[in-house]
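# Survey of secondary and tertiary structure
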Amino acid sequence: MPALTSFRDLIEALKRDGTLRSVSRVIDPCYELIAVMRAVQKAGNEPLLFTNVAGSPAAVATNILGRRDVLAMALGLEPQTLLPSLVAQEAAQLDPVIVTDAPVHEVVQTGGFDIARDIPQVVHSERDAGAYITAGICIARHPASGVYNASWNRIQLAGGDHTRVRMMPPQHLGQYQQAAEQDGAPLPVAVAIGAPPALMLSAASKIPFDADEYRTAGGWQRTPPRLARAKTVPLDVPADAEFVIEGHVLPHVREAEGPFGEFTDGYVEVGQNHVLKVSAITRRRDAIYHVILAGGTEDSVLLGVPLMTEVWKKVAPLANIRDIGFPGHIFGCVISLDKADDAEPRAVLEAALAAHSWMKIVVAVDADVDPHDPQEVLWAVHTRHRPDTGIVRVENAAGFPRADVRAVHRGKIGLDATAPLDMKETFRRRRFPGIEAINPVDYFDPA
């Protein structure tokens, strides 16, 4: 199954299979759009396309990759083997190709634009400082090496050619900006909105500093990325994106940005962040604007899957790993394994907790437990975990590093919720023959 190599192809695929839900009634981009999306995420979690957003120059798509199976489909992979497939393909990087038939250049504005008029003004949370770009991938080249970086960064839309963007070391883009600023130079940046699925995943990944996100995306989609020369900055941009905003991050300039409702479901308060001066906006004629809610299901999938691939790399050599899920939040995970020795879960837990600093709580479960289902996981903890012997503790280890909350994110814990091998028959789960074919509606009396 081939990967889908553009955001537009993904939208069309979701339309064909009936997954995409279209909303044609007038929607207010200030709060209402996100409130509708949040309600959908808590119900059926379907992808959404808002075609009549008040004051918006474009339709708005959201929750597009809000499910792991949709991400797997977009990459041409099977959900059950998504993580090992991504690990295997990460090294098979492919160089991009430069094209001249770029849909993202169907409309080009290099002057007379207003970022507060020409970009949909979606406001998410009640205390947010205003409209933000939340599904924009910032693309830059290292000033010395020329390696391309792609990363997700929130961007506040101030108006005119003025935006404020959060970037700082240790994030790779922040390191690029720091290197340019030390030379007193602006950093050329392009912001791609509605990017190819593989690039969206690559931008969220934890690949090494000297790796190229375009080439990694090429490996994951198994075909060279299509790029086009930007119009006003010395960068190559995704040819099939919906929008690209071009500009420069100004050296030695900081402005107050925030507050903003972040992915931990709290707020990042006002801080001094960088200024991106816009020099061009390019787009498709019928461009679709992509919005991601920080901490929503789409954000969790895009951030969580790359994190789980890092965990997979560390734990796969230690046991027969079936799958890794992250129900609840990406600061932890659940590892399903078919253990051959009762010592394996402890080794797996220790390796997973060390795989990435954000890993805070890790649970090991047997292969008969769905690691993506929080109710299943809690059932395993309640019925198979021994609190006196089945805990791995790492005292005072640093976790999520954001300054305002890092004091809480210290220490790590692992829970072995697997059944003892010598009690395997005792813990064998019940089966209900024929349940897979049952549709309860077929059994109800007519209303």
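Structure shown above.
Residues numbered from 1 in each chain as written. Predicted model: local features only at pLDDT ≥ 70, side-chain atom pairs only at ≥ 80, totals over all residues. Heavy atoms only, no water.

## Quick notes on the environment of W379
Mapped onto the elements, W379 comes out in helix α10 (residues 374-384). Using a relative accessible area of 30% as the deciding quantity, one classes W379 as partly exposed. Expressed as a C-alpha distance, the spacing of W379 and V275, which sit 104 residues apart in the sequence, is 49 Å. The residues touching W379, leaving out its near neighbours within four places in the chain, are V369, R384 and R429. (Helix = DSSP H or I, 4+ residues; strand = E, 2+ residues; numbered from the N terminus. Buried < 20%, exposed > 50% of the residue type's maximum accessible area, 1.4 Å probe, protein only. Contact = heavy atoms within 4.5 Å.)

## Focus: the packing of aromatic side chains
Evaluated as defined, the whole model comprises 10 aromatic pairs. An angle of 90° between the planes, with centres 5.9 Å apart, marks the rings of F243 and Y289 as edge-to-face. Taken together, the residues F243 in strand β14 (residues 243-257) and Y289 in strand β18 (residues 288-291) connect sequence positions 46 residues apart. Geometrically, the ring pair formed by F263 and F331 is edge-to-face, given 5.7 Å between the ring centres and 85° between the ring planes. Taken together, the residues F263 in the loop between β15 (260-261) and β16 (267-268) and F331 in the loop between β19 (321-325) and β20 (332-337) connect sequence positions 68 residues apart. F263 gets classed as buried once you look at its relative accessible area, which sits at 10%. Look at F331 and you get buried, because its relative accessible area is 10%. Every member of this aromatic cluster is reached through a ring pair, and the members are F263, F331, W358 and F400. The cationic tip of K206 hangs over the ring face of W358; the distance from NZ or CZ to the ring centre is 4.7 Å. (Phe/Tyr/Trp six-rings, centres within 6.5 Å; stacked < 30°, edge-to-face > 60°. Lys NZ or Arg CZ within 6 Å of the ring centre and 35° of its normal.)

## Quick word on the pairing of strand β10 (residues 162-165)
Taken together, the four bridges between strand β9 (residues 155-159) and β10 define a ladder with antiparallel strand orientation. Following the sheet pairing, G159 is matched in β10 by H162. Linking β9 to β10, which pair antiparallel, is a turn of two residues; within it G160 sits at a positive phi near 60°. (Pairing = 2+ DSSP bridges.)

## Observations regarding helix α9 (residues 344-355)
Residues spaced three or four apart along an α-helix point in a common direction, a consequence of the helix completing one turn every 3.6 residues. Taking 1.5 Å as the rise per residue, α9 with 12 residues should run 16 Å; its terminal C-alpha atoms sit 16 Å apart, in good agreement. Within α9 the residues assigned to the buried category are E344, P345, V348, L349, A351, A352, L353 and A355. Structurally, α9 contributes buried residues whose contacts are with α8 (297-315), β19, β20, β21 (361-366), β22 (391-398) and β23 (410-417). (Expected span 1.5 Å × (residues − 1).)

## What about the pattern of salt bridges?
Evaluation of the coordinates by the stated rule reveals 30 salt bridges. With a shortest N-O distance of 2.7 Å, D236 and R229 are connected by a salt bridge. (Salt bridge = Lys/Arg side-chain N within 4 Å of Asp/Glu carboxyl O.)

## Re the packing of α8 against α9
Axis separation between α8 and α9 bottoms out at 9 Å; the angle between their running directions is 140°. The orientation of α8 relative to α9 falls into the category oblique. In the packing of α8 onto α9, the handedness of the crossing is right-handed. Contacts between α8 and α9 pair E310, V311, K314 and V315 from the former with V348, A351, A352 and A355 from the latter. (Axes fitted to C-alpha atoms, helices over the stretch in contact; angles between N-to-C directions. Parallel < 35°, antiparallel > 145°, perpendicular 65-115°, else oblique. Left-handed = near helix turned anticlockwise from the far one by under 90°.)

## Focus on the environment of R141
Turning to its location among the elements, R141 is positioned in strand β7 (residues 136-141). The sequence separation of R141 and D236 amounts to 95 residues, and the corresponding C-alpha distance is 9.4 Å. Within the structure, the side chain of R141 is placed 3.0 Å from the backbone oxygen of G146, a separation counted as a polar contact. (Polar contact = N/O pair within 3.5 Å; in protein donor to acceptor, adjacent residues only side chain to side chain.)

## What to know about the side chain of D366
Here D366 is to be found in strand β21. In terms of polar contacts, D366 uses its side chain to reach the backbone amide nitrogen of A419, at 2.8 Å. Among all residues touching D366, those that are not within four sequence positions of it are S336, L337, K339, R384, A417, T418 and A419.

## As for the packing of helix α4 (residues 82-90) against α8
It is at 9 Å that the axes of α4 and α8 come closest, and there the two elements cross at 80°. By the angle between their axes, α4 is roughly perpendicular relative to α8. Residues L82, L83, P84, L86, V87 and E90 of α4 form the contact with α8, whose own contacting residues are V305, M308, T309, W312 and K313.

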